[in-house]
Amino acid sequence: MTRILHDDLEHGFATRAVHSGQVPDPLAGAVMTPIYQTSTYIQEGLGKHKGYEYARTQNPTREVLERNVASLEGAAHGFAFASGLASVDAVLKLLHAGDHVICGENVYGGTHRLMEQIFGRLGLHFTFVNTRDIKAIDRARTPATKMVYCETPTNPMMLLTDLAAVGDLTQAHGLLFTVDNTFATPFFQRPIEHGADLVLHSTTKYLNGHSDMVGGLVVTKRDDLAERLGFIQNAAGAVPGPFDCWLALRGTKTLPLRMRQHDATGRRIAAWLDGRADVPKVYYPGLPSHPQHDLACRQMSGFGGMISIDVGDPARARRVAEGTRIFRLAESLGGVESLIGHPASMTHASVPAEMRRAMGLTDSLLRLSCGIEDPDDLIADLEQALTR
Ligand SMILES: *Cc1c(COP(=O)(O)O)cnc(C)c1O
């Protein structure tokens, strides 16, 4: 009898990160989950098989990843997708034409584009509000509202949404509450514990953590939503390949170790930047000067490695972004390597300029994803780029 360690919430987070969802391979007993690189499975007779018929519908490597992340988020079901945006797409497909969604105004640029330019055309309606303000969410509610969607902390302004307060509001009005937990990861924040119905990830970022694949994942505790998501995953077919699932699964095993280092480095670099007169603004929820630091301490157990800074003018932002040597100028975040980005022209270029200005996303804003290199080297690198 195989002993399976899954949805085993009596174990600690790091134990579950390594073991949850995993079964020793029945053929050879391989300790690590094999990559089931196959599109189909043999049937012994008509309707006689091992539960696997076709790889869009079922793949053992993918299932292990799904169970693993579900366990880390304290959910019961997980569904892997080909990208983070494919997981947002799947969640929005739970809705019907005519339904209304209240969404954070500072969500990932691609999420905003998917909502407005694709689902808007298909009959969903969106109101973008500052979800930091519970009253603004309540005011945006109409009889057609079916979902509240948010990211916390937001990208790149690092604003927080009070998860428990939104959880209460959505529960009181029977709305689905969806949280994109890509930035915090379940190591620092578990939205389901605060009342979220659906939690999604771009596994491309911290869950994989090594910048070597693209993927997404949705988890839920609710059996009814799981049944519908499973249907959408198979019917729409935006599934990840087994090798990418295996890479993401290799990543989640070290998630606690990596997040502790991202957090330690993030705190140190944020404090160092905050002390510099030539950096007018530092956005990091772990700084006591962050306007929502108390909330951050309540709903997060760490603050991670994402920091945004406003360096005052766009020309200087360009010089800094092009002047770092260890921080690589690139889109994306959450890998072991440090990255620097210019949201206005990179990740958030698809957000209308007027909306960017309204939320403080200026042309002089830079976003740092602090990796796990030596913090002293990272600080020296930023120092030389800021003083060029
Ligand atoms: C990157 C990202 C996404 C999109 O994920 P992809 O894997 O690039 O499709 C969604 N939300 C957040 C917060 C992200 O950082």
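Computed from a prediction, not measured in an experiment: that's the story for all the values here. (Residues numbered from 1 in each chain as written. Predicted model: local features only at pLDDT ≥ 70, side-chain atom pairs only at ≥ 80, totals over all residues. Heavy atoms only, no water.)

Draft legend 1. Looking closely at the sheet that holds strand β3 (residues 125-129). Taking strand neighbours across the sheet as the criterion, the seven strands line up as β1-β7-β6-β5-β4-β2-β3 in an open arrangement whose pairing is mixed. With partners counted over all chains shown, the strands left at the sheet margins are β1 (77-81) and β3, one partner each. The sheet shows a mean angle of 20° between the axes of neighbouring strands, direction not considered. As paired elements, strand β2 (residues 100-104) and strand β4 (residues 145-151) share four bridges and run parallel to each other. (Pairing = 2+ DSSP bridges. Helix = DSSP H or I, 4+ residues; strand = E, 2+ residues; numbered from the N terminus. Axes fitted to C-alpha atoms, helices over the stretch in contact; angles between N-to-C directions.)

Draft legend 2. Local environment of the side chain of arginine 316. Along the chain, arginine 316 falls in helix α12 (residues 314-323). Since its relative accessible area comes to 12%, arginine 316 is described here as buried. Within the local environment of arginine 316, its side chain forms a polar contact with the backbone oxygen of valine 311, the two atoms lying 3.1 Å apart. (Buried < 20%, exposed > 50% of the residue type's maximum accessible area, 1.4 Å probe, protein only. Polar contact = N/O pair within 3.5 Å; in protein donor to acceptor, adjacent residues only side chain to side chain.)

Draft legend 3. How the structure looks around the site of the ligand. Residues in close proximity to the ligand include Ser83, Gly84, Leu85, Tyr108, Glu151, Asp180, Thr182, Ser202, Thr204, Lys205, Gly215 and Leu333, which together make up its full environment. Within the side chain of aspartate 180, an N or O atom sits 2.6 Å from a nitrogen atom of the ligand. When the ligand sits alone it has 380 Å² of accessible area, and the protein chains cover 92% of it. When atom positions are compared with the pocket grids, the ligand is found to occupy the second largest pocket. Split into classes, the residues belonging to the shell around the ligand amount to three nonpolar, six polar and three charged. (Near = heavy atom within 4 Å. Areas by Shrake-Rupley, 256 points an atom, 1.4 Å probe, with all protein chains shown as cover. 1 Å grid on protein atoms, 1.4 Å probe; cavity = no way out; pocket = protein on both sides within 12 Å on 5 of 7 lines; lining within 4 Å. Sits in = over half its atoms within 2 Å of the grid points. Nonpolar A, V, L, I, M, F, W, Y, C, P; charged D, E, K, R; others polar.)

Draft legend 4. Layout of empty space enclosed by the protein. In total, this model carries six cavities of 30 Å³ or more according to the counting rule given. The volume enclosed by the largest cavity comes to roughly 90 Å³. Forming the boundary of the largest cavity are 14 residues, of which Glu105, Asn106, Asn130, Thr131 and Thr154 lie nearest the centre. Across the lining of the largest cavity, the residue classes tally to five nonpolar, six polar and three charged. (Points joined across faces, edges and corners; volume = space filled by probe spheres on them.)

Draft legend 5. Structural view of the sheet that holds strand β9 (residues 306-310). The strand order β8-β9-β12-β11-β10 describes an open sheet built from five strands, whose pairing is mixed. If you trace the sheet from one side to the other, it starts and ends with β8 (281-283) and β10 (328-329), each paired once. Summarising the sheet, strand β11 (residues 339-341) and strand β12 (residues 365-369) pair through three bridges and their orientation is antiparallel. Across the sheet, residue isoleucine 340 finds its bridge partner in β12, namely leucine 368. Strands in contact with helix α10 (residues 255-274) are β8, β9 and β12; relative to β9, the strand with the most contacts, it is inclined by about 15°. Docked against the sheet, α12 engages β10, β11 and β12, running at close to 20° with respect to β12. (Contact = heavy atoms within 4.5 Å.)

Draft legend 6. Quick look at the domain arrangement of the protein. Split by domain assignment, the protein resolves into domain 1 (6-253) and domain 2 (255-387). Relative to domain 2, the C-alpha centre of domain 1 lies at a distance of 26 Å. Of the residues lining the interface, 44 residues belong to domain 1; the matching set on domain 2 comes to 43 residues. In total, domain 1 and domain 2 occlude about 3500 Å² of area from one another, counting both sides; carbon and sulfur atoms represent 63% of this. When residues of domain 1 are sorted by the area they lose upon contact with domain 2, Met157, Phe188 and Tyr206 head the list and together hold 24% of the total. (Domains from an automatic or database assignment. Buried area = accessible area lost by both parts, 1.4 Å probe.)

Draft legend 7. Summary view of the pattern of salt bridges. Within this structure, the stated rule accounts for 16 salt bridges. Of the charged contacts, one joins arginine 276 and glutamate 383 as a salt bridge, the two residues approaching to 3.2 Å between their closest N and O atoms. With arginine 276 in the loop between α10 and β8 and glutamate 383 in helix α14 (residues 375-386), the pair connects residues that are 107 residues apart, well separated along the chain. Take arginine 276: its relative accessible area is 16%, and that puts it in the buried class. Between arginine 318 and glutamate 322 there is a salt bridge, with the nearest N and O atoms lying 3.3 Å from each other. (Salt bridge = Lys/Arg side-chain N within 4 Å of Asp/Glu carboxyl O.)

Draft legend 8. Layout of the packing of helix α2 (residues 60-73) against helix α9 (residues 242-253). The geometry of α2 relative to α9 is characterised by a closest axis approach of 8 Å and an angle of 35° between their N-to-C directions. Remark: the crossing between α2 and α9 carries left-handed chirality. For the pair formed by α2 and α9, the contact residues are Thr61, Arg62, Val64, Leu65, Asn68, Val69 and Leu72 on the first element and Pro242, Cys245, Trp246, Ala248, Leu249 and Thr252 on the second. (Left-handed = near helix turned anticlockwise from the far one by under 90°.)

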